[in-house]
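Letter by letter, the chains look like this.
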Amino acid sequence: MEIIVLSDPAAVGRHAARLIADTLARRRDPVLGVATGSSPLGTYAALAALAREGLDLSRTTAFALDEYVGLDPSHPEAYHSVIDREVTLPLGLDPRKVHVPHGAAADLSAACAEYEAAIEAAGGIDVQLLGIGANGHIGFNEPGSSLGSRTRVKTLAPRTRRDNARFFGGDVEAVPVHCLTQGIGTILRARSVLLVATGEAKAAAVAAMAEGPLGAFCPASALQLHERATVVLDEAAASKLVDREYYDFARDHAPEAAPGLD
Ligand code: GLP
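Just so you know, these numbers come straight off a predicted model, no measurement behind them.

### Topic: the packing of helix α1 (residues 9-25) against helix α2 (residues 41-52)
Turning to step 1, where the next piece is worked out: Packing of α1 against α2 leaves a shortest axis separation of 7 Å and a crossing angle of 60°. In terms of orientation, α1 lies oblique with respect to α2. As α1 runs across α2, the sense of the crossing is right-handed. Residues G13, R14, A16, A17, I20 and A21 of α1 form the contact with α2, whose own contacting residues are G42, T43, A46, L47 and L50.
Turning to step 2, where the next piece is worked out: Of the residues in the contact of α1 with α2, the class split is seven nonpolar, three polar and one charged.

Structural data, given as structure tokens:
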């Protein structure tokens, strides 16, 4: 896991956007995994700025990590709408190439299997952008999730529903109980993963992910198994890391041939 600590959230967004742009530029038909939540917003803003300067993302296929079950896709907090608003439009993606799990499907198991098949058919994900929940979740893989899991229906943790109530007018009861999420095994199949985290509230989860034992109790710790996992943090999110000296030293002495995410 390569850990890069930068001064503030804006620097995190700019750095992550550059890494993504470099990776996608090497592919003829790039595939980007996109995340919801507040963490990646700075990355999307920086990618949108690169797009305004000429970065062409129109050939990029995108797959979202997860979706609530039972919300109409047009609901403003359904991840269909969120991805449309925060990713597809500002980045200039082709809406026909943007995929979000079908949380309103009559047959949710079939929707999950179709989603896995669609990722496969697109050639797999080149770079998967991730945030991290305060409880260490990635996507909606709550603590205890199988480290080999694939896209499936999950029950949200009470803490996640409380955390996400802010998007539903503060009403925790309005937050769906179930979701569809790419599994940890699905995420690990991406050719590279890029996790961004900012703020003190994520510091404990980040330390557990990077320096704690590998285990389902901290789902993000599964990224320790990934060959190309990059973590970009601001100072606050990095504040509970023990081996900070090494991360900074390694960042400043990256081997010449270090190929970024790819
Ligand atoms: C959400 C999403 C995750 C996200 C996480 C953190 O519920 N399903 O993909 O990474 O929780 O959210 P935030 O970035 O808003 O703190």
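Okay, back to it.
### Points about the nonpolar core
Turning to step 1, where the next piece is worked out: Of all hydrophobic cores here, the largest spans 72 residues; its most connected members are L195, M209, L223, L233 and L241.
Turning to step 2, where the next piece is worked out: For this core, the element with the highest residue contribution is α1, accounting for seven residues.
Turning to step 3, where the next piece is worked out: Those residues within four positions of L241 in sequence are excluded, and the remaining contacts are I3, V206, A207, A210, E211, L233 and Y247.

### Observations regarding α1
Turning to step 1, where the next piece is worked out: End to end, α1 covers 24 Å across 17 residues, agreeing with the expected 24 Å (1.5 Å per residue, within 8%).
Turning to step 2, where the next piece is worked out: What α1 keeps buried is the set A11, V12, G13, H15, A16, A17, L19, I20, A21, T23 and L24.
Turning to step 3, where the next piece is worked out: Of the residues that open α1, the one with a side-chain oxygen 3.0 Å from the backbone nitrogen of A10 is D8.

### Examining the site of the ligand
Turning to step 1, where the next piece is worked out: As a matter of local geometry, the ligand sits amid 14 residues, with S38, S39, D66, H137 and K202 nearest to it.
Turning to step 2, where the next piece is worked out: S39 is positioned such that a nitrogen or oxygen atom in its side chain is 2.5 Å from an oxygen atom of the ligand.
Turning to step 3, where the next piece is worked out: Side-chain polar atom of D66 to a nitrogen atom of the ligand: 2.9 Å apart, as the coordinates give it.
Turning to step 4, where the next piece is worked out: Relative to its free-state accessible area of 390 Å², the ligand is covered by the protein chains to the extent of 94%.
Turning to step 5, where the next piece is worked out: Counting atoms within 2 Å of the grid points, the majority share of the ligand lands in the largest pocket.

### Focus on the environment of L241
Turning to step 1, where the next piece is worked out: For L241, the position within the fold is in the loop between β10 (229-234) and α8 (244-252).
Turning to step 2, where the next piece is worked out: A relative accessible area of 8% places L241 in the buried class.
Turning to step 3, where the next piece is worked out: It is 31 Å that separates the C-alpha atoms of L241 and G170, two residues lying 71 residues apart in sequence.

### Section: the layout of surface pockets
Turning to step 1, where the next piece is worked out: By volume, the largest pocket is sized at about 580 Å³.
Turning to step 2, where the next piece is worked out: Of all the secondary structure elements, the ones that give two or more residues to the lining of the largest pocket are β4 (66-68), α3 (79-91) and α5 (158-164).
Turning to step 3, where the next piece is worked out: Considering only residue class, the lining of the largest pocket consists of 13 nonpolar, twelve polar and seven charged.

### Some remarks on the environment of A174
Turning to step 1, where the next piece is worked out: Within the element layout of this structure, A174 appears in the loop between α5 and β8 (178-181).
Turning to step 2, where the next piece is worked out: Look at A174 and you get partly exposed, because its relative accessible area is 33%.
Turning to step 3, where the next piece is worked out: Along the backbone, A174 and R161 are 13 residues apart, and their C-alpha atoms lie at a distance of 9.0 Å.

### Some remarks on the pairing of strand β9 (residues 193-197)
Turning to step 1, where the next piece is worked out: For β9, the tally of buried residues reaches five of five residues, placing the bulk of the element in the interior.
Turning to step 2, where the next piece is worked out: Where strand β6 (residues 127-130) lies against β9, three bridges are found, and the strand directions are parallel. Residue pairing for β9: L130 is matched across the bridge by L195.
Turning to step 3, where the next piece is worked out: In terms of strand pairing, β9 meets β10 through five bridges, oriented parallel. Across the sheet, V193 pairs through a bridge with A229, a residue of β10.
Turning to step 4, where the next piece is worked out: In this region the chain leaves β9, passes through helix α7 (residues 203-211) and returns to the parallel neighbour β10; the handedness of that crossover is right-handed.

### Examining α2
An α-helix turns once every 3.6 residues. As a result, residues three or four positions apart point the same way.
Turning to step 1, where the next piece is worked out: Between the first and last C-alpha of α2 there are 16 Å, a value that for twelve residues agrees with the 16 Å anticipated at 1.5 Å per step.
Turning to step 2, where the next piece is worked out: All of the buried residues along α2 are T43, Y44, A46, L47 and A48.
Turning to step 3, where the next piece is worked out: Contacts made by the buried residues of α2 are with α1, β2 (31-34), α3, β6 and β9.
Turning to step 4, where the next piece is worked out: Looking one or two residues beyond α2, the residue adopting positive phi is G54, at roughly 125°.

### Concerning the pattern of salt bridges
Turning to step 1, where the next piece is worked out: All told, the structure shown has eleven salt bridges when counted by the stated rule.
Turning to step 2, where the next piece is worked out: Between D248 and R251 there is a salt bridge, with the nearest N and O atoms lying 3.8 Å from each other. Of this pair, D248 and R251 both sit in helix α8, three residues apart, roughly one helical turn.
Turning to step 3, where the next piece is worked out: Using a relative accessible area of 31% as the deciding quantity, one classes R251 as partly exposed.

Reading guide: rules and limits
- Residues numbered from 1 in each chain as written.
- Predicted model: local features only at pLDDT ≥ 70, side-chain atom pairs only at ≥ 80, totals over all residues.
- Heavy atoms only, no water.
- Axes fitted to C-alpha atoms, helices over the stretch in contact; angles between N-to-C directions.
- Helix = DSSP H or I, 4+ residues; strand = E, 2+ residues; numbered from the N terminus.
- Parallel < 35°, antiparallel > 145°, perpendicular 65-115°, else oblique.
- Left-handed = near helix turned anticlockwise from the far one by under 90°.
- Contact = heavy atoms within 4.5 Å.
- Nonpolar A, V, L, I, M, F, W, Y, C, P; charged D, E, K, R; others polar.
- Core = buried A, V, L, I, M, F, W, Y, C linked by side-chain atoms within 4.5 Å.
- Buried < 20%, exposed > 50% of the residue type's maximum accessible area, 1.4 Å probe, protein only.
- Expected span 1.5 Å × (residues − 1).
- Polar contact = N/O pair within 3.5 Å; in protein donor to acceptor, adjacent residues only side chain to side chain.
- Near = heavy atom within 4 Å.
- Areas by Shrake-Rupley, 256 points an atom, 1.4 Å probe, with all protein chains shown as cover.
- 1 Å grid on protein atoms, 1.4 Å probe; cavity = no way out; pocket = protein on both sides within 12 Å on 5 of 7 lines; lining within 4 Å.
- Sits in = over half its atoms within 2 Å of the grid points.
- Points joined across faces, edges and corners; volume = space filled by probe spheres on them.
- Pairing = 2+ DSSP bridges.
- Right-handed = clockwise from strand over helix to strand, strands pointing away.
- Salt bridge = Lys/Arg side-chain N within 4 Å of Asp/Glu carboxyl O.

Everything listed here is a matter of geometry and, on its own, says nothing about what the molecule does.
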